[in-house]
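Descriptive structure summary
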Amino acid sequence: MNNKALYLSVVLAFCTASFAAAAEELSKDEQTLEQTSSDLDKNATPPEGQKAVESRLKSEFKVDDARVQGLRDQKLGYGEISIVLSLAQKMPGGITDANVQAILSQRQGPPVMGWGQIAKKQGVNLGNVLSKVKKVDAAARKHERAESKKQEKKEERAEKAGRPERVE
């Protein structure tokens, strides 16, 4: 009897450790998702950045201006919008009002659920969601760099135009 109790406690400890390790992995993905979402919001701050992010959201998730603006009106950042759309896209029926509202109601609670919990409940791999958000963020960064280069060229041209010609 003593051996059975010892065996059972060892198995229980192993299972608990396995579940704890799995929970840590999920939280790392969730942390990365939150950070990428935050980065996306930062990249969307200038007016040009907002246009670039909105354009990328529309093309990546095949939604219209009204869908993006509706989510913005609910005080969601662009990162959160990309997460919601990515999760909804994986649900039966795709990105519909009902699917988007189901995700938002889970996020806002009660009980309030994290993105990892929502993804798990929907049967979606959080890594796939993270990949979509990173793709939108990368496009925003690329647009930001291109705009910065355009601005630098404009300033160089203006500087050259302002110089007086040499007198010989």
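Predicted model, so just to flag it, every value in this text is computed and none were measured.

Moving on: the pattern of salt bridges. Under the definition given, this model contains eight salt bridges. In this structure, Lys132 engages Glu60 in a salt bridge whose closest nitrogen and oxygen atoms are separated by 3.1 Å. A residue pair is termed long-range when its members are at least 10 positions apart, and Lys132 in helix H7 (residues 126-161) and Glu60 in helix H2 (residues 47-61) qualify at 72 residues. For the residue pair Lys132 and Glu60, the accessibility class agrees, reading buried in each case. Measuring nitrogen to oxygen at the nearest pair gives 2.6 Å for the salt bridge that ties Arg67 to Asp97. Of the two residues, Arg67 is situated in helix H3 (residues 65-73) and Asp97 in helix H5 (residues 97-108); the sequence distance between them amounts to 30 residues.

Together, Lys142, Arg145, Lys149, Lys153, Lys154 and Arg157 make up a positively charged patch on the protein surface. Of note, Lys154 is situated in helix H7.

Tracing the backbone shows Asn99 in helix H5. With residues near it in sequence (within four places) discarded, Asn99 still touches Ala88, Met91, Pro92, Gly93 and Gly94.

The next subject is helix H6 (residues 115-122). Looking only at H6, the buried set comprises Trp115, Gly116, Ile118 and Ala119. The buried residues of H6 occupy an angular sector of 165° when projected down its axis, which confines them to one face. Those residues of H6 that are exposed and aimed more than 90 degrees away from the buried face are Lys120 and Lys121. Trailing H6 by a residue or two, Gly123 shows a phi angle of about 75°, which is positive.

A word on the packing of aromatic side chains. The full count for this structure, using the stated rule, is zero aromatic pairs. Its end group placed over the ring of Tyr78, Arg72 keeps NZ or CZ at 4.2 Å from the ring centre.

The residue after Gly109, namely Pro110, is reached through a cis peptide bond having omega -5°. Its location among the elements puts Pro110 in the loop between H5 and H6. A cis amide bond links Pro110 with the next residue in sequence, Pro111, at an omega value of -15°. Relative to the helices and strands, Pro111 resides in the loop between H5 and H6. The backbone of Lys62 shows a phi angle near 55°, a positive value even though the residue is not glycine. With respect to the helices and strands, Lys62 occurs in the loop between H2 and H3. The backbone phi angle of Lys75 is positive, close to 70°, even though this residue is not glycine. As for its placement among the helices and strands, Lys75 is situated in the loop between H3 and helix H4 (78-90). Given a relative accessible area of 74%, Lys75 falls into the exposed group.

Positionally, Ser37 belongs in helix H1 (residues 2-43). Apart from the residues lying within four places of it in its own chain, the contact partners of Ser37 are Gly79, Glu80, Ile83 and Val133.

Confidence along the protein chain averages 80 in pLDDT terms, with 79% of residues attaining 70 or more. Below pLDDT 50 for its whole length, residues 5-25 participates in zero contacts with residues either more than four positions away or in separate chains.

What counts, and where the lines are drawn
- Residues numbered from 1 in each chain as written.
- Predicted model: local features only at pLDDT ≥ 70, side-chain atom pairs only at ≥ 80, totals over all residues.
- Heavy atoms only, no water.
- Salt bridge = Lys/Arg side-chain N within 4 Å of Asp/Glu carboxyl O.
- Helix = DSSP H or I, 4+ residues; strand = E, 2+ residues; numbered from the N terminus.
- Buried < 20%, exposed > 50% of the residue type's maximum accessible area, 1.4 Å probe, protein only.
- Patch = residues over 30% accessible without salt bridge, like charges linked within 9 Å, V, L, I, M, F, W, Y side chains within 5 Å.
- Areas by Shrake-Rupley, 256 points an atom, 1.4 Å probe, with all protein chains shown as cover.
- Lys, Arg positive; Asp, Glu negative; His and termini not counted.
- Charge placed at Lys NZ, Arg CZ, Asp CG, Glu CD.
- Contact = heavy atoms within 4.5 Å.
- Arc of directions from axis to C-beta.
- Phe/Tyr/Trp six-rings, centres within 6.5 Å; stacked < 30°, edge-to-face > 60°.
- Lys NZ or Arg CZ within 6 Å of the ring centre and 35° of its normal.
- pLDDT = per-residue confidence, 0-100.

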